[in-house]
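# Coordinates in review
Residues per chain, in single letters:
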Amino acid sequence: MRIAYSVETVRAAERDLMARLPQGALMQRAAAGLAAACAGLLGRVYGARVALLIGSGDNGGDALYAGARLARRGAGVTAVLLAPDRAHAGGLRALRDAGGRALPASADSAETALTQADLALDGIVGIGGKGGLRPDAERLTRAVRGTMVAVDLPSGVDADTGEVRGPAVRADATVTFGTYKPGLLIDPAHEHAGALRLIDIGLAPHLPPVPDAEALQHGDVAALLPRPDAESDKYRRGVVGVVAGSARYPGAAVLAVAGALRGGAGAVRYVGPAAEAVITRFPETLVHSGPPHKAGRVQAWVVGPGLGDDAAARQSLDDVLASDVPVLVDADGLRLLPPGDLRSRTAATILTPHAGEAAALLGVPREEVEQTRLASVRALAERYGATVLLKGSTTLVCSGPGPVRVNPTGTGWLATAGSGDVLSGLTGSLLASGLSPHDAASTGAYLHGLAARHATAPTGAPIAAYDVATALPEVWRDVLLG
């Protein structure tokens, strides 16, 4: 599990640790890890050209001390100082003692040093920075042609939220210290971070047990996947009901059922007007004309994909929400949600909006949701009293207080019609098989992203939603095998 903590929490842990260490020891730990990571990226340190973009804080100090270590190994290191009078004095002295040089950002040769560098370190702003880069800093970052490595996080992004409110560094790699920060995992900032490398500086024992954000990895998902035992039958494994599709969108029902059949439940009940299309493709499906409460026992419902917005669709949604089992609401179901929260339900509810649907539910512009994904998913979970899976380049799952789960497996190829229907069916099936709403949503998103990557991997060619569903058994196996 990758776990991430807010700036305030990290600062408190750092203060606690520094009180137990000799002065400057924590920065030296960070610098040593940073220099080692840079050496790995360079391959050959001796003779390499390294440029340091240095601001006025400790972030710049980390970069200067790392630069000194690289200079002692034979690299030609130049520090470009954005605030020469406020650069970290100890780091600057160490760099010069090691044979490196420093020059102000205003110097004619500053851009040349950055352009010619094999590797540049972004030590402009640390985790406490707010807002985008200033014009002089932005100009200098554009001069970099080699590998850009961000120190702790890319300058110009918000460490706590993942928001990017102006120009920001786009790093090829980010070396972060002690713990991940939420902004490194959440878009749009995540897109600026590149490959992530975490350096252990001894911070973990000083951090609280509950993080602000977390990202599942293979081992975490493998532990959550349902496994039948010797006494299992199709009903004990769970039955998921799918209320989806319409005369206009019968394919949505087929795709939701495709995901549900591959999500671990023992059986899938389909209710709706697309029964013929569903049974033709998947004869193992249990079909019923409705209403949902007469279809038979289920452990969870999925409602909404391709449902339409007529009176019959509204009645089906109301029927499902009146049930005493967990319900996942997607697509048209989100547009038909009754006003008010869902706390009056006796069982859990999962909402799975994309940015546009989330914006409509919150009454804000879509652009606001896309820029403030973390705040938006938390606001939705609080407003509706539900687990919310906010789809996007980094899908987020929030169930109210506690860590927000960030899905690390997403890919742009999932931006295709019907892929969300597959995700809904898959997640609903995991829900019916006994996973909690939080685990079902985050595990579903993880497998869904992996399946898309698997489907496109052989050629890198575009995929369709059904390709994602077809790839699910293979990625399930891969997860279990580690």
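What you are looking at is a predicted structure, and each value in this text was computed from that prediction instead of being measured.

## As for the sheet that holds strand 1 (residues 2-4)
Reading across the sheet, the eleven strands line up as 1-9-18-17-16-15-14-13-10-11-12 and stay open at both edges, with mixed pairing between neighbours. Of all the strands in the sheet, just strand 1 and strand 12 (286-288) have a single pairing partner and so form its edges. Averaged over neighbouring strand pairs, the angle between their axes works out to 20° when direction is ignored. Contacting strand 10 (239-243), strand 13 (300-303) and strand 14 (327-329), helix 12 (residues 311-321) crosses the sheet at an angle of about 145° to strand 14.

## A short note on the nonpolar core
Leu-34, Leu-52, Leu-70, Leu-121, Trp-301, Val-329 and Leu-351 are the most contacted members of the largest nonpolar core, which has 101 residues in total. Filtering out sequence-adjacent residues up to four positions away, Leu-70 remains in contact with Ala-35, Cys-38, Ala-39, Val-45, Val-50, Ala-75 and Val-77. By size, the runner-up hydrophobic cluster in this structure holds 47 residues, among which are Ala-258, Val-278, Val-302 and Ala-471.

## Observations regarding the UniProt feature "binding site: K(+)" (unreviewed entry) in the protein
Annotation from UniProt places "binding site: K(+)" (unreviewed entry) at Asn-59, Asp-122 and Ser-155. Across 97 residues of sequence, these annotated residues stay compact in space, with a maximum C-alpha separation of 9.8 Å. With respect to the secondary-structure elements, Asn-59 resides in helix 3 (residues 58-72). Residue classification places Asn-59 among the buried residues on the basis of a relative accessible area of 8%. If near-sequence neighbours (up to four positions away) are discounted, Asn-59 is found in contact with Asp-122, Gly-123, Ile-124, Val-125, Gly-126, Val-151 and Asp-152. Along the polypeptide, Asp-122 turns up in strand 5 (residues 119-123). Classification of Asp-122 by relative accessible area gives buried; the value is 0%.

## Details of the packing of helix 17 (residues 419-432) against helix 19 (residues 465-481)
For the pair helix 17 and helix 19, interaxial distance at closest approach is 8 Å and the crossing angle is 35°. Considering the relative orientation of helix 17 and helix 19, their crossing is right-handed. Taken together, the residues of helix 19 that come into contact with helix 17 (itself represented by Ser-419, Val-422, Leu-426 and Leu-430) are Ala-465, Val-468, Ala-469, Leu-472 and Trp-476. Of the residues assigned to the contact of helix 17 with helix 19, the class counts are eight nonpolar, one polar and no charged.

## Details of the pattern of salt bridges
As enumerated under the stated definition, the model contains 18 salt bridges in all. Among the salt bridges present, the one from Glu-357 reaches Arg-335, with a minimum N-O distance of 3.5 Å. Of this pair, Glu-357 sits in helix 14 (residues 355-362) while Arg-335 sits in helix 13 (residues 332-335), placing them 22 residues apart in sequence. Assessed through its relative accessible area of 8%, Glu-357 is described here as buried. Linking Arg-343 and Asp-341 is a salt bridge whose minimum nitrogen-to-oxygen distance equals 2.8 Å.

## Quick word on the packing of aromatic side chains
On inspection of all chains with the given rule, the structure shows one aromatic pair. Aromatic side chains Phe-282 and Tyr-466 sit 6.5 Å apart centroid to centroid with 40° between the ring planes, which places their arrangement in the tilted category. Taken together, the residues span a long stretch of sequence, with Phe-282 in the loop between helix 11 (275-281) and strand 12 and Tyr-466 in helix 19 at a distance of 184 residues. Against the face of Tyr-466 rests Arg-281, its NZ or CZ located 4.8 Å from the ring centre.

## A short note on unusual backbone geometry
Following Asp-187, the chain continues to Pro-188 via a peptide bond in cis, the omega torsion being 5°. Mapping Pro-188 onto the fold places it in the loop between helix 7 (182-185) and helix 8 (189-193). That bond from Gly-290 to Pro-291 is cis: its omega, 0°, falls within 30 degrees of zero. Mapped onto the secondary structure, Pro-291 falls in the loop between strand 12 and strand 13.

## Remarks on empty space enclosed by the protein
Scanning all chains against the criterion turns up one cavity of 30 Å³ or more. Empty space within the largest cavity amounts to approximately 50 Å³. For the lining of the largest cavity, the secondary structure elements donating two or more residues are strand 18 (404-406) and helix 18 (437-456). Element by element, the count of residues in the lining of the largest cavity is highest for helix 18, at three residues. Split by residue class, the lining of the largest cavity holds six nonpolar, three polar and one charged.

## Comments concerning helix 1 (residues 7-18)
In this model helix 1 runs 16 Å from its N-terminal to its C-terminal C-alpha over twelve residues, within 8% of the 16 Å that 1.5 Å per residue would give. When helix 1 is considered as a whole, its buried residues turn out to be Val-7, Val-10, Ala-13, Glu-14 and Leu-17. All buried residues of helix 1 project into a common sector of 125° when viewed along the axis, lining one side. Those residues of helix 1 that are exposed and angled more than 90 degrees off the buried face are Glu-8 and Arg-15.

Calculation notes
Residues numbered from 1 in each chain as written. Predicted model: local features only at pLDDT ≥ 70, side-chain atom pairs only at ≥ 80, totals over all residues. Heavy atoms only, no water. Pairing = 2+ DSSP bridges. Helix = DSSP H or I, 4+ residues; strand = E, 2+ residues; numbered from the N terminus. Axes fitted to C-alpha atoms, helices over the stretch in contact; angles between N-to-C directions. Contact = heavy atoms within 4.5 Å. Core = buried A, V, L, I, M, F, W, Y, C linked by side-chain atoms within 4.5 Å. Buried < 20%, exposed > 50% of the residue type's maximum accessible area, 1.4 Å probe, protein only. UniProt positions renumbered as here; feature names shortened; annotations may be inferred. Left-handed = near helix turned anticlockwise from the far one by under 90°. Nonpolar A, V, L, I, M, F, W, Y, C, P; charged D, E, K, R; others polar. Salt bridge = Lys/Arg side-chain N within 4 Å of Asp/Glu carboxyl O. Phe/Tyr/Trp six-rings, centres within 6.5 Å; stacked < 30°, edge-to-face > 60°. Lys NZ or Arg CZ within 6 Å of the ring centre and 35° of its normal. 1 Å grid on protein atoms, 1.4 Å probe; cavity = no way out; pocket = protein on both sides within 12 Å on 5 of 7 lines; lining within 4 Å. Points joined across faces, edges and corners; volume = space filled by probe spheres on them. Expected span 1.5 Å × (residues − 1). Arc of directions from axis to C-beta.

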